[in-house]
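Inside the fold
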Amino acid sequence: MSRFSVVAYTFGILFFIVSCSMAVFYGYKVVTHHLPVEKKVPEPYKYHFVLVPEELDNEYWRLVESGAKAAAKKYGVLLEYSGPKQANIDDHLKTIEMSAASKVDGILTQGLSDEQFTPLINRVIADGIPVITVDTDAANSLRLAYIGTDNYYSGFLAGKALITDTNGRANVAIITGTFYANHQQQRVKGFQDAVKDEPGIHIIDIQQSEISTVKAAEKANQLLKDHPEINAFYGTSALDGIGIAQVIEKYKKQREVYVIGFDTLPETLDYIRRGTIKATVVQQPYEMGYRAVKMMIDIIEGKTVSQVVHTETRIMRIGDLPVSGMRNKEDNH
Ligand code: BGC
């Protein structure tokens, strides 16, 4: 065999051995290769709901939102919280319209005024999108259910509390959120009915705060100037009592002027502890939000729900606040 043939054979054999080894090596790799473990993709949500409040950053509505979000998390719902930054009825209506146009599975909102909300709610329902009213009902609309305070009754309770606390003698000024909103009207009407047979109770004037603490304070200030005989205030929405209390403290009139407000926001409870606000009407905003989401799911899934669900309402005074640990317990619901 020539030298050339020996070299060629040797290369051939080496090449063969290397090829075989590589084939065995990569073959083994392919067989024993582990595919990457599939990353856990978050479960897609079952439904998409929108909660439209009258004022996004209002502390009261943040409580409704947190209840709704807790239920949404539990039941696999994507919950959007969207609406006017500051109370504005046109923006509120527009947000409902836009939510309907984007074909969400359900809308939770207030039924603020019959004139504007009822036709819109009816149109949305006709388009096949379920609507539940929360906090404020549009009882004459086709909304599928309402969950929230019995607003007339809560106003009635406020009137009875004022009679008890003032021994039936008071010249009252009312500051209400807005004149046009159904629930504010009902809270005023309930109050008027509760005091109407009391000869010593006189309603002197009624003003609106436009859902603003600053405006509530301005109105309270003006009312005291215009009517020095006023010695009691009734604030019918969450920020009214706070605005009134600021003015009462400014003039150091805590002893002479009785104040009853609405809701249990942290500031309201502080004024109760200090004796400036004497009583407040308790609502359940967290529960409203939570149960509204659950009701919407039940409706979509064909279960029977009550058309009107009233959450608890009652009067709270300083004696009802626990001595310690009260902030956390009472401030959040
Ligand atoms: C009412 C809400 C309102 C809020 C305003 C609450 O008492 O229930 O409807 O938006 O006050 O601060």
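Here's a quick rundown of the structure. Since the model is a prediction, treat every value here as computed from it, not as a measurement.

Conventions we followed
Residues numbered from 1 in each chain as written. Predicted model: local features only at pLDDT ≥ 70, side-chain atom pairs only at ≥ 80, totals over all residues. Heavy atoms only, no water. Salt bridge = Lys/Arg side-chain N within 4 Å of Asp/Glu carboxyl O. Helix = DSSP H or I, 4+ residues; strand = E, 2+ residues; numbered from the N terminus. Buried < 20%, exposed > 50% of the residue type's maximum accessible area, 1.4 Å probe, protein only. Core = buried A, V, L, I, M, F, W, Y, C linked by side-chain atoms within 4.5 Å. Contact = heavy atoms within 4.5 Å. Near = heavy atom within 4 Å. Polar contact = N/O pair within 3.5 Å; in protein donor to acceptor, adjacent residues only side chain to side chain. Areas by Shrake-Rupley, 256 points an atom, 1.4 Å probe, with all protein chains shown as cover. 1 Å grid on protein atoms, 1.4 Å probe; cavity = no way out; pocket = protein on both sides within 12 Å on 5 of 7 lines; lining within 4 Å. Sits in = over half its atoms within 2 Å of the grid points. Nonpolar A, V, L, I, M, F, W, Y, C, P; charged D, E, K, R; others polar.

What follows concerns the pattern of salt bridges. Summed over all chains, the structure comprises 17 salt bridges. Residue Asp298 is joined to Lys294 by a salt bridge in which the shortest nitrogen-to-oxygen separation is 2.9 Å. Of this pair, Asp298 and Lys294 both sit in helix H10 (residues 285-300), 4 residues apart, roughly one helical turn. For Asp298, a relative accessible area of 13% puts it in the buried group.

One non-glycine residue, Glu210, lies in positive phi territory at about 55 degrees. As for its placement among the helices and strands, Glu210 is situated in the loop between strand S7 (201-208) and helix H7 (213-226). Residue classification places Glu210 among the partly exposed residues on the basis of a relative accessible area of 38%. For Ile211, which is not a glycine, the phi torsion comes out positive at approximately 55 degrees. Mapped onto the secondary structure, Ile211 falls in the loop between S7 and H7.

Moving on, we come to the nonpolar core. The nonpolar side chains of a soluble globular protein tend to be buried with one another. Judged by nonpolar contacts, the single largest core of 53 residues is most densely connected at Phe49, Leu108, Ile132, Val134, Phe233 and Val293. Sequence-distant contacts of Leu108, that is, excluding residues within four places in its chain, are made with Val50, Leu51, Val52, Leu79, Ile132, Val134, Ala292, Val293 and Met296. By size, the runner-up hydrophobic cluster in this structure holds 20 residues, among which are Leu157, Val172, Phe262 and Ile315.

Every one of the 14 residues lining the ligand counts as a neighbour, but Glu54, Trp61, Asp135, His183 and Asp263 are closest to it. Asp263 places a side-chain nitrogen or oxygen 2.5 Å from an oxygen atom of the ligand. In the complex, the protein chains occlude 100% of the 310 Å² of accessible area that the ligand would expose alone. Judged by its atoms lying within 2 Å of the grid points, the ligand is housed in the largest cavity. Listing elements by their share of the shell around the ligand, those giving two or more residues are helix H2 (59-75) and helix H6 (182-195). Each residue belonging to the shell around the ligand can be placed in one class, and the counts come to 5 nonpolar, 5 polar and 4 charged.

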